[in-house]
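Observations on chain architecture
The chain contents come next:
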Amino acid sequence: MKNLLKSTGLIVLFVGLFISCGDLSQKAEEKINELSSKTDKLDSLVNKELKKVNALDSLISKEGAKVKKLDSLINKSTSKIDSIANSKINLLKNLNNK
């Protein structure tokens, strides 16, 4: 009789253990699915922000090229103005020396 009670007790214990393990497994799977969903949302957000950064980088590159062209144009114009001014100054010096 004692052996029957022990056997029955062990069977009940193992059945309870398996049921609780199944429940824990289900909860763990739910948490993993939740985490996976959050990871996907975060990945999507990061991709959107990277697209914005790439667009901004492209815009900065284009504007940088425009600034370089303007700088070159300003340097050429300054050089021409300096040349014209120097020639006029030289003409005035020549007129004053006569």
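All of these numbers come straight from a predicted model, not from anything done at the bench.

**Considering the overall build of the chain**
Scanning the chain from terminus to terminus reveals 1 helix and 0 strands. Evaluated residue by residue, the chain yields a buried proportion of 0% over its 98 residues. Surface summary for the chain: the accessible area is close to 9400 Å², and the carbon and sulfur share equals 65%.

**A short note on the pattern of salt bridges**
Across all of its chains, the model carries 2 salt bridges by this definition. Between Lys52 and Glu49 there is a salt bridge; the shortest N-O distance is 3.5 Å. Taken together, the positions of Lys52 and Glu49, both in helix H1 (residues 2-97) and 3 residues apart, correspond to about one turn of that helix. Overall, the relative accessible area of 55% leaves Lys52 in the exposed class. Across the pair Lys66 and Glu63 runs a salt bridge whose closest N-O atoms are separated by 3.4 Å. Of this pair, Lys66 and Glu63 both sit in helix H1, 3 residues apart, which is roughly one turn of the helix. The exposure class assigned to Lys66 is partly exposed, which follows from its relative accessible area of 49%.

Rules and cut-offs
- Residues numbered from 1 in each chain as written.
- Predicted model: local features only at pLDDT ≥ 70, side-chain atom pairs only at ≥ 80, totals over all residues.
- Heavy atoms only, no water.
- Helix = DSSP H or I, 4+ residues; strand = E, 2+ residues; numbered from the N terminus.
- Buried < 20%, exposed > 50% of the residue type's maximum accessible area, 1.4 Å probe, protein only.
- Areas by Shrake-Rupley, 256 points an atom, 1.4 Å probe, with all protein chains shown as cover.
- Salt bridge = Lys/Arg side-chain N within 4 Å of Asp/Glu carboxyl O.

None of the figures reported here should be taken as evidence of function without further support.
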